[in-house]
Amino acid sequence: MYSGASTVQPECPHEAGMASGVLNSSRQLGGCIGLAALATIAAHRTGTATDPAALNDGYALSLAVTAALFVLAAVVAACVLPRRRAAVTDPRAAAPTPAPARDRLEGTPS
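Described below are features of the structure shown in this document.

What counts, and where the lines are drawn
- Residues numbered from 1 in each chain as written.
- Predicted model: local features only at pLDDT ≥ 70, side-chain atom pairs only at ≥ 80, totals over all residues.
- Heavy atoms only, no water.
- Helix = DSSP H or I, 4+ residues; strand = E, 2+ residues; numbered from the N terminus.
- Expected span 1.5 Å × (residues − 1).
- Buried < 20%, exposed > 50% of the residue type's maximum accessible area, 1.4 Å probe, protein only.
- Contact = heavy atoms within 4.5 Å.
- Axes fitted to C-alpha atoms, helices over the stretch in contact; angles between N-to-C directions.
- Parallel < 35°, antiparallel > 145°, perpendicular 65-115°, else oblique.
- Left-handed = near helix turned anticlockwise from the far one by under 90°.
- Nonpolar A, V, L, I, M, F, W, Y, C, P; charged D, E, K, R; others polar.

Attention shifts here to helix H1 (residues 16–46). A rise of 1.5 Å per residue sets the reference length of H1, with its 31 residues, at 45 Å; its end C-alpha atoms lie 45 Å apart and thus fit the reference within 8%. Those residues of H1 lying buried are Ala19, Leu23, Ala42 and Thr46. The elements touched by buried residues of H1 are helix H2 (52–80). Looking one or two residues past H1, Gly47 carries a phi angle of roughly 70°, positive in sign.

Another aspect to go through is the packing of H1 against H2. H2 packs onto H1 with a crossing angle of 140° between their chain directions and a minimal axis gap of 8 Å. The angle between H1 and H2 places the two elements in the oblique class. Taken as a pair, H1 and H2 cross one another with a handedness that is right-handed. On the side of H1, the interface is formed by Leu38, Ile41, Ala42, Arg45 and Thr46, while H2 contributes Ala54, Leu55, Asp57, Gly58, Tyr59, Leu61, Ser62, Val65 and Thr66. Across the contact of H1 with H2, the residue classes break down as 8 nonpolar, 4 polar and 2 charged.

Structure representation (structure tokens):
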């Protein structure tokens, strides 16, 4: 399931568009800021050198920082997120409710 599905399905249906916009803006800004931070780390490591070995050292450091952040995020997710979902005790509660007759399409299914 899409990870943002719970974000764009708020309590009030009229707020779904705003929630979607906030989610998309957050993702775009996070990507921009992350890329800028990693480029800054690479440029700081490279310095004024222009040879390929110095550029590789800068990129290697920024990729190592990225890998460390992913490992940290995985550890935090493993510790914070619940292990499993609670069991449904009433099978009727898990079954979807049928749509009212006025919401159903008329005619034969296509």
